Every structure is written in C-alpha cells, then in structure tokens.
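# Descriptive analysis of the structure
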Protein chains: 2
Amino acid sequence: MSLKQIYLDHAAATPMDERVLDAMRPYFDTHFYNPSSPYAPAVQVRHEYEEAKALLAGTFGAKGDEIVITAGATESINLALSGVTGHVVSSAIEHHAVLAAVGRHEHTLVAPTEKGIITPEAIAAAITPNTEIVTIQLANNEIGTIQPLRDIATIIETERNRRAEAGESTPLHFHTDASQGFGQIDVHIARLGVDMLTLNSGKMYGPKQVGLLWLKAGVSVLPLILGGGQERGLRNGTENVAGVMGFSKAAQLAEKHTKSEANRLRELRDNLQITLQKTFSDMVVSGHPKKRLPGSLHVAFPGLDGERLVFRLESRGVLVATGSACAANKGTRSHVLKSIGLGNAEADGSLRLTLGKLSTKEIIQEAARIISEEVQAEYKRIGDA
Amino acid sequence: MSLKQIYLDHAAATPMDERVLDAMRPYFDTHFYNPSSPYAPAVQVRHEYEEAKALLAGTFGAKGDEIVITAGATESINLALSGVTGHVVSSAIEHHAVLAAVGRHEHTLVAPTEKGIITPEAIAAAITPNTEIVTIQLANNEIGTIQPLRDIATIIETERNRRAEAGESTPLHFHTDASQGFGQIDVHIARLGVDMLTLNSGKMYGPKQVGLLWLKAGVSVLPLILGGGQERGLRNGTENVAGVMGFSKAAQLAEKHTKSEANRLRELRDNLQITLQKTFSDMVVSGHPKKRLPGSLHVAFPGLDGERLVFRLESRGVLVATGSACAANKGTRSHVLKSIGLGNAEADGSLRLTLGKLSTKEIIQEAARIISEEVQAEYKRIGDA
C-alpha cells in the first residue's frame, strides 16, 4: 500500500504553479510600491499592473480596462449583481455564492434537466419584463456539466430586441460565473455571448482570493467597497499587485494549454470512469456524458455513505470530495444533486472526483485501483452487517 | 551623487519582510488545500489558518474568532459601517476610504485642531441620540498625528450610559482605522477602548490586500459579500490562507519590536527634522510635535511646488510623497492640510516623509543632505525667475 498522495479535488483548490510564484515574487519586496504613488518606480509598477491586466483580459477576448480585479469569485459575483433593482434569473444548481447573492433580489431559479443542463427554453420561460440579469454558470462545480451559454445568449438577445421594439427601457444583462472550467474548455466572451464574466485565480493554479469581473462596455454595477478610487472606483483599496501578476500568469498558462490539457484530462477521466463502471455495474455517473468538464467525474454508489468513503480513501492517500467544499463543510445534502433528481441513496453515496495538473496516468490508474478496493470493502462491510 | 534608492514613503506601501514570505510559501503549493475540504491535509490547513488568526488577533489583545479577514483596510472600513442605519460621527481628516464609506450615511465630520488632533469635546458635541458609530483613525496617514482614542472612548461610554438610563435602545459603537501606526505605537483594543478595529497587512510589511476587522462580542455588521459561509458568514469566499499566514507573521514581528522600532524611528525622524529646520527657517512642520507617529514627518516649504520637489528628489533617488498616494494620484489638494488650516502656499509646497524599516541612520543623513540641496535649488530657481 503506497501512501503517496493522490489529489482528486482540483475543483476545490489548485496548487499554485511555480511560474506563477515567480511572476509574483518581485512585487512582494523589490517592486512593492503603491501603484498610486507619483515617483517613477511606482509608476512603473502601475504600468506593469495594467499590462498584466491587459494580458489577463486578453486570455478571454477582453480588454484590460474592462475588468475589475476583486478578491475572488464570490466578490465578483456579488459585484455583478450589485446594481440590480428588479428581477434575476438564475439556476438551481449555481454555486452557493451565486445563490446567496441572487437571494438578495426578486428571482427565479431555473431547474436543470436530469443531466444538469439549463436549457435556453427554461431561461426564456423564466425571463419577465422586469428581469435585469440572467446569471448562469459556465460549468457546474459538482457534476461538471457545461451550460449552453451561447444559446442562452440568443434568448437574451431576443428579449432585448422585444424590449427595444416595445419601448421598454429595463436593461437585461447576461452574467456567467466561469470559475470552473477555465483551462479545460474554451472561455471567450464573444463566443459565449455574455455581458459579464467572473473568473477565479484560485481555481486555475493562481493565488487564492484574487478574481475578476469583466464588464462589457455600458454595463454598470455599484461598488460594494468605497474608497480611494482604484479599479475605476468600482473596487477600492490598494491594488493587489503581486496577486494580479500571479493571476495573469496563471490565466495565460491555462489558456495556452487548454486544448492539450482537455484532451489529456478527458482520456484519464474516461479511463477512470470505465474502470469503475466495469467493477460497479450500478454506479451512477451524474452530469452530461459529453457536455461535461474533461476533468470532472461525479459518481454515486447507491447504498454507501460518501463521507465514510472520503475518510477510507484518505487513509489510503486519495483525497476526494463528496461535493463542493463549502457544502461538505456544512454536512448538508447537495442542492445540485437534489435538483437533477438524484435519489437520496445515490446522493449520499456520491463522490466528486476532479482531475487536474496533479493527475498523471500512473496516478489515475492507482486511484482507480484504490477507489475500487475501498468501495468493494464498504459494500462488503454493509453486506456483512 | 549617489543613485542608491532612498525610500521615504512607508505610509504608502511597505516591502514585504522575507520572514513573511517564508510563512506564506508552503500555502501556495504544498499546503494549497481548500480549508473547507473534509480530508485531513485540508483540515490541517484549516487548523493552521485558525491558529494564525488567533496569533494575529493576539497582537492587539483580541481573540481569533473575533476578527473577520478581509481584502484590506478599505473593505474592513466598509464592513464596519455596513450595519449602520442612523448617524455616523467621523473626522474631516480620515482616509478617503473612511470618508467614502461614511458618505453613505447621515454623518458629521468633526474638525481637527491646528495640530491635527480630534478632541473628545468635539466628538461629544457631534454625537446625537441617533449616532450609531463613531469612527476615528488611530493616526493620520499624512501628518502622523495620533488621536486620543482612549479619551474619545470615555465620551462614548458616557453617551451609552445616558442612553441606557433614558431607556434609548440605539446602539453606539466606536471604530478605529488603525492602518497607520501598527508597529510604531501601542495598539491594544482594551487600552484604546474601541469596539471595532481595522488593520491593514500591507502597511506593516505583510502582503497587500489582506486586512481585518475586529468586532467586540455583540457588535454586528452586515456582510458585503455573500456566499459559502466563510468567516462566520461575514466575509464569504475561499479563505486567503497564504495571505493570512503572511499577515499574522507580519503583525507578530511588528508588535514584538514596537518599542525599539519607535525609538529608532523617532531619533532618525527628529534628526531629519532638525537638520531641515536649521537650513530652512520658514519650513512648516505639520501635525502634533509630540503626539505623532515616530516615523512621520510632514514639512511644507512655502512658495515651492511639492510635486516639482517630488520629481527633483526622485532624480536623486529619494522617493517621497506630497500626500497620500490616493490623493496624489488625483492631483487634488489634501483635505487633511486644508482641515488643519494650512494655507495654500504651504499645502502646495508640502512633502510627506515617512520612515520605516528601510530607513537607516546613514540613509536618513543622506536624505537630509539631498532634500536640503534640492529645496535650496528650487528656492534659487524661483528667486532667479
């Protein structure tokens, strides 16, 4: 039994890339100046900060001055919704941050299909003349399903045209929480058709507590944090220069290798899935079989206790989750699994396996072997009881 | 002419201490886990995070679970004021972050004395039966004046007692923005008599965009950022583990050496002041001569242009500010200098010199020489014109 660590929870946190720390390093000490200071070394830091923002924005087709740097996706999401006075359309399977921020407003949560897809038809049915924002995640953080954002954007465009023709002035914008998926699938504002986009550095091998909100020209939000006028007054406070340098580097690395990493992860994930399916014929795989993040595998072993499995696997060096880190911490049943209609027996026996940079072929083979052994042992324990 | 850099703007930004980076380093890659994940290595990170928070809180006499980690002082200040529905008392010389956050509410800004002191009497006069928060900075970021918080706390206690006796239920709390001064003067919640306290890692040789708000038991605020329930639900989003490790280390180092550093800086600052005063008899020193941060020196050369001086000094390797970085960036006249009644000729010829860890005896002697030369050259240029 090897106690080498096998990390299968990349959706919860990612280790920072060494090149990311290298990009941050100078801004901790030698280039530590406040970018608002007037002397040349500080002006140089301001310049490098803006340049890093431009490169960061460029990874998804935007411009540097269109993004607001925040302290993570949760803040970005709250900021995206800050200007809303009317109705919001979202989905029942969004991250807790979106559900909490949406909860501040009159809202409708659209139900997903059994595969976890939010259909454009369901969005169309939920939009009212008073809807100001539709916010739908790019990919689900538990089951990995990728949403048809482009098609939802078409629905939104149709409603915008209707309002324009009817002389109605209520604005309608489309926001996506793209925290999950960057570096695994194509993320480009023009191709997605969104007006606002949230990204999270901590999910793409960058530093934690750095995020961004991209705003299409003309889309306005109300600052949550007032102060010295930084980030066009939309997010005040001395800039996180080192953090943005790291985020920018991480995004550039992720974007550059998206295709090859997607192919690599998909093959590993599919092999893991097939191996487990061969051994456990009643294992349930949740999410859409194709429209799913390449590194995501959500499986349920009906009758087993997912939390027990997590600890059994941990004792063998395999780190997995039952669901999102936030939900797991509260010991509540996943709202995502409930929404896609998974029964309690399946939901309670769930494991979320998310692959990423730390997943090599050898490691995933080892993981398949250990998970098989431990699931079998659990079934045996229950059968014997 | 030496082009060795002489940094005299520690109030704007501080270089991160090497020991701080060492404390952060493991949490970027090897200990990168989401502290809300269920497996042992993540639980260990949670434990270390809470421990670091406890040590951080301990540096100013508080407990770990009484502090909310934020992305900097600006956010802390906004959070401190988030629950207010009534009147706020503050001062005319607060940082822009406080003035902006206070501006959201009905408020009274108390004027300082000519030395920049906010007197307890002025606070008493400004408090109304509807006042919910009094927020006064520990020390001014431009002129360095240290405020008599303990005496203001007594005024607040008197008003609380009056309300209790009168059967009035409006709460009254005392917040201080202690961003400037930690590591130079005593900062201890019991001795200051405050109910809420804001600290900023980036001003004490820790990482930027990490801050905290301490809340006395029973003081409530409304979260600005909703989400996964982190920081007791008061500040949601995956925790900035590395940042907090750095902040905690920085605060411990600063607190430990407060007395010796204060004495060292005071001697250097006084020598610099005396040297300049000898050469320029009409030089104006702003702020209180005694109740002033040991590392702060605000001087005005009537008739000169502070911005020109900044660039002249920069060409000699001396980095100074005319005022706060935020204000300098906007090219506006300092609200602080205006409030203490400094004339425009003095305000426009101002330099803010803030000493800190990078200030050695040799460096400050060199700074005094170069500043004297450049100020003389400017007076000569004007006289010749």
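Residues numbered from 1 in each chain as written. Chains lettered and ligands numbered in written order. Predicted model: local features only at pLDDT ≥ 70, side-chain atom pairs only at ≥ 80, totals over all residues. Heavy atoms only, no water.

## Structural notes on the packing of helix 2 (residues 40–58) of chain B against helix 8 (residues 241–256) of chain B
Residue and element names in this part refer to chain B. Where helix 2 contacts helix 8, the two axes come as close as 9 Å, and the packing angle between them is 30 degrees. In terms of orientation, helix 2 and helix 8 fall into the roughly parallel class. Where helix 2 crosses over helix 8, the handedness of that crossing is left-handed. On helix 8, the residues touching Val45, Glu48, Tyr49, Ala52, Lys53, Leu55 and Leu56 of helix 2 are Val241, Val244, Met245, Phe247, Ser248, Ala251 and Gln252. For the contact of helix 2 with helix 8, the residue count by class is 10 nonpolar, two polar and two charged. (Axes fitted to C-alpha atoms, helices over the stretch in contact; angles between N-to-C directions. Helix = DSSP H or I, 4+ residues; strand = E, 2+ residues; numbered from the N terminus. Parallel < 35°, antiparallel > 145°, perpendicular 65-115°, else oblique. Left-handed = near helix turned anticlockwise from the far one by under 90°. Contact = heavy atoms within 4.5 Å. Nonpolar A, V, L, I, M, F, W, Y, C, P; charged D, E, K, R; others polar.)

## Observations regarding the nonpolar core
By size, the foremost hydrophobic cluster in this structure holds 140 residues, and its most contacted members are A:Phe60, A:Val134, A:Leu197, B:Phe60, B:Val134 and B:Leu197. For A:Leu197, the residues in contact, after removing those within four places along its chain, are A:Phe60, A:His175, A:Thr176, A:Ala178, A:Val187, A:Ile189, A:Leu192, A:Leu212, A:Leu213 and A:Trp214. Grouped together as the second largest cluster of nonpolar side chains are 40 residues, A:Ala97, B:Leu81, B:Val98 and B:Leu215 included. (Core = buried A, V, L, I, M, F, W, Y, C linked by side-chain atoms within 4.5 Å. Buried < 20%, exposed > 50% of the residue type's maximum accessible area, 1.4 Å probe, protein only.)

## Quick look at the relation of the copies chain B and chain A
Between chain B and chain A, which share one sequence, the superposing operator has a rotation angle of 180 degrees and an axial displacement of 0.0 Å; the RMSD is 0.0 Å. Accordingly, the operation relating the two chain copies is best matched by a two-fold axis. Residue by residue, 100% of the interface of chain B is reproduced at the interface of chain A, so both copies engage with the same surface. (Least-squares fit on C-alpha atoms with pLDDT ≥ 70 in both.)

## Quick word on the domain arrangement of chain A
Residue and element names in this part refer to chain A. Segmentation of chain A into domains returns domain 1 (6–15 + 257–384) and domain 2 (18–256). Here domain 1 and domain 2 have C-alpha centroids that lie 28 Å from each other. Listed by partner, the interface residues are 37 residues for domain 1 and 37 residues for domain 2. Interface area, domain 1 with domain 2, both sides summed: about 3000 Å², of which 55% is carbon and sulfur. In this structure, the connection of domain 1 to domain 2 is made through zero salt bridges. Along the contact surface separating domain 1 from domain 2 lie 19 residue pairs in polar contact (both at pLDDT 80 or more). Only helix 9 (258–279), strand 10 (296–300), helix 11 (325–330) and helix 12 (335–339) provide two or more residues apiece to the side of domain 1 that touches domain 2. (Domains from an automatic or database assignment. Buried area = accessible area lost by both parts, 1.4 Å probe. Salt bridge = Lys/Arg side-chain N within 4 Å of Asp/Glu carboxyl O. Polar contact = N/O pair within 3.5 Å; in protein donor to acceptor, adjacent residues only side chain to side chain.)

## A word on the environment of B:Ala23
All names here are of chain B. Of note, Ala23 is situated in helix 1 (residues 18–24). Remark: the alpha-carbon pair of Ala23 and Ser334, spanning 311 residues in sequence, is separated by 37 Å. Those residues in contact with Ala23 that sit more than four places away from it in its chain are Met245 and Lys249.

## Describing the sheet that holds strand 3 (residues 87–91) of chain B
All names here are of chain B. Strand order in the open sheet formed by seven strands is 2-8-7-6-5-3-4, with mixed pairing between adjacent strands. Each having just a single partner strand, strand 2 (67–70) and strand 4 (106–110) make up the two edges of the open sheet. The mean angle between the axes of side-by-side strands here comes to 20 degrees, regardless of whether they run parallel or antiparallel. Sheet topology places strand 3 next to strand 5 (residues 131–135); three bridges connect them, and they run parallel. Residue pairing across strands places Val89 opposite Val134, the latter belonging to strand 5. Its contacts with the sheet place helix 2 against strand 2 and strand 8 (211–215), and it is angled at close to 110 degrees to strand 2. Against the sheet, helix 6 (residues 149–166) contacts strand 5 and strand 6 (173–177), and its axis sits at roughly 160 degrees relative to strand 6. (Pairing = 2+ DSSP bridges.)

## Looking at the sheet that holds strand 10 of chain A
All names here are of chain A. Pairing is antiparallel in the open sheet, where three strands are placed in the order 9-10-12. Taken across any chain shown, the strands that pair with only one partner, and hence form the sheet edges, are strand 9 (284–286) and strand 12 (350–354). The sheet shows a mean angle of 25 degrees between the axes of neighbouring strands, direction not considered. Two strands pair when backbone bridges link them, and strand 9 and strand 10 are joined in this way by three bridges, in the antiparallel orientation. Along strand 10, the bridge assignment pairs Val285 with Val299.

## Overview of the packing of helix 9 of chain A against helix 14 (residues 361–384) of chain A
Residues and elements named next belong to chain A. Taken N-terminus to C-terminus, the directions of helix 9 and helix 14 make an angle of 25 degrees; their axes are 10 Å apart at the nearest point. One way to sum up the angle between helix 9 and helix 14 is to call them roughly parallel. Regarding helix 9 and helix 14, the two cross each other, and that crossing is right-handed. Of the residues in helix 14, those touching helix 9 at Leu268, Leu272, Thr275, Leu276 and Thr279 are Lys361, Ile364, Ala368, Ile371, Ser372 and Gln376. Taken together, the residues of the contact of helix 9 with helix 14 break down into six nonpolar, four polar and one charged.

## Concerning the packing of aromatic side chains
Geometrically, a pair of aromatic rings is defined through the distance of the ring centres and the angle of the planes. In this structure the tally under the stated criterion is 14 aromatic pairs over all chains. Consider the rings of A:Tyr7 and B:Tyr39, whose centres lie 6.5 Å apart with planes at 90 degrees: the pair is edge-to-face. Within this pair, whereas A:Tyr7 is found in strand 1 (residues 6–7), its partner B:Tyr39 is found in the loop between helix 1 and helix 2, the two belonging to separate chains. Taken individually, A:Tyr7 and B:Tyr39 each receive the classification buried, so the pair is uniform in this respect. Seen in terms of ring centroids, B:Tyr33 and B:Tyr39 are 6.2 Å apart; in terms of plane orientation they differ by 75 degrees. Their pairing is edge-to-face. In this pair, the class of B:Tyr33 matches that of B:Tyr39, namely buried. In this structure an aromatic cluster arises from ring pairing among A:Tyr7, B:Phe32, B:Tyr33 and B:Tyr39. The ring of A:Tyr205 has A:Lys357 lying over it, and the distance from NZ or CZ to the ring centre is 4.5 Å. (Phe/Tyr/Trp six-rings, centres within 6.5 Å; stacked < 30°, edge-to-face > 60°. Lys NZ or Arg CZ within 6 Å of the ring centre and 35° of its normal.)

## Quick look at the interface of chain B and chain A
Contact residues are listed per partner, giving 57 residues for chain B and 58 residues for chain A. Surface buried jointly by chain B and chain A totals about 5000 Å² across both partners, of which 60% is contributed by carbon and sulfur atoms. Remark: the boundary between chain B and chain A carries zero salt bridges. Here chain B is connected to chain A by 24 residue pairs in polar contact (both at pLDDT 80 or more). Those elements that provide at least two residues to the side of chain B that touches chain A are helix 1, helix 2, helix 3 (73–80), helix 4 (96–102), helix 10 (306–315) and helix 11 (325–330) of chain B. For the side of chain B that touches chain A, the residue count by class is 29 nonpolar, 17 polar and 11 charged.

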